Amino acid sequence: MPVLVVNVDHVATIRQARMGREPEPVTAAHLAELGGAQGIIVHLREDRRHIQDRALQLLRETLSTNLHLEMAATREMQDIALRTSPHMICLVPEKREELTTEGGLECQGREAFIRDYLAPFQEQNICTSLFIDADPHQIDAAAESGADYVEIHTGSFADAKDVVIRQQELEKIITGIGHARSLGLKVNLGHGLNYKNILAFARIPDVSEYSIGHSIVSRAVMVGMARAVEQMVRIINGFVD
Ligand code: PXP
């Protein structure tokens, strides 16, 4: 059975809108665990636009499930990740100007670099994953790089407006899962998955984890809105005798 790992980056995005203390992504991570998440993911970006180093450390110390760290393949992130020792690291491409991770990691032609980059993690028994498009060449290169997992990018499927293109993208992902598994890679899926499109994967075998963030944080805001307003109304009503 695939498991859900919840990305709490966008709780921190809301906090960073005011550069204040709330909402706290670490608290959200604990609540996600209470809800049944089997792991928590954060992406520590070079520009620290949402998750900060402090949250990473607190999550490492306090989670009762697994911590996964998404990161660019830089020296700075390698040092932080080795110090923190999460359960899994996932290498993603990172561009400063992007709103979110746009494409998969370019592995083809960089196998030796990636292999060397991953080696100290493997020595420390940290699982390694590469976030890639469902492209057979990238999957081959990921296997060649010695990663334990690939996370196949589901964004082009999730974002497709046209049903024919959407179906083609889904088939590419399904073929990619089979290809990766045949090379001994474990497979996670992520990006743009939501309460509707996740159903497309219901009967697809061989997926280890779904990595989902934005749609869950968005739903949390909506399902919590009425209750949050009720609580404020109750306080304000208490002002009157
Ligand atoms: N997987 C990776 C590698 C990502 O970069 C992201 C976005 O941070 C996700 C999964 C989660 O995507 P979403 O927030 O669209 O669910």
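The rules behind these values
Residues numbered from 1 in each chain as written. Predicted model: local features only at pLDDT ≥ 70, side-chain atom pairs only at ≥ 80, totals over all residues. Heavy atoms only, no water. Salt bridge = Lys/Arg side-chain N within 4 Å of Asp/Glu carboxyl O. Helix = DSSP H or I, 4+ residues; strand = E, 2+ residues; numbered from the N terminus. Buried < 20%, exposed > 50% of the residue type's maximum accessible area, 1.4 Å probe, protein only. Phe/Tyr/Trp six-rings, centres within 6.5 Å; stacked < 30°, edge-to-face > 60°. Lys NZ or Arg CZ within 6 Å of the ring centre and 35° of its normal.

A.B. asks: What's the story with the pattern of salt bridges in this structure? I'm lost.
C.D. replies: Working definition: two side chains of opposite charge can pair if their charged atoms are close together. On inspection of all chains with the given rule, the structure shows seven salt bridges. Arg48 is paired through a salt bridge with Glu76; the nearest N and O atoms lie 2.9 Å apart. In this pair, Arg48 sits in the loop between β2 (39-43) and α3 (53-62) while Glu76 sits in helix α4 (residues 75-84), placing the two residues 28 residues apart along the sequence. Residue Glu76 is classed as partly exposed on the basis of its relative accessible area, which comes to 38%. Overlapping salt bridges, with partners in common, bring together Arg48, Asp53 and Glu76 in one network.

A.B. asks: Just checking my understanding: could you explain the packing of aromatic side chains for this structure?
C.D. replies: Two measures describe an aromatic ring pair: the distance that separates the ring centres and the angle between the ring planes. Enumeration over the complete set of coordinates arrives at four aromatic pairs. Aromatic pair Tyr117 and Phe121: ring centres 6.1 Å apart, planes at 40°, arrangement tilted. With Tyr117 and Phe121 both in helix α5 (residues 111-123), this residue pair falls four residues apart, about one helical turn. Per residue, the accessibility class of Tyr117 equals that of Phe121, and both read buried. Ring centres of Phe201 and Tyr210 lie 6.4 Å apart, and the angle between their planes is 50°; on these two criteria the pair is classed as tilted. Using a relative accessible area of 1% as the deciding quantity, one classes Phe201 as buried. For Tyr210, a relative accessible area of 11% corresponds to the buried category. An aromatic cluster is defined as three or more aromatic residues linked by ring pairs; in this entry it consists of Phe113, Tyr117 and Phe121. Over the ring of Tyr195 we find Arg219; its NZ or CZ atom is 3.8 Å from the centre of that ring.

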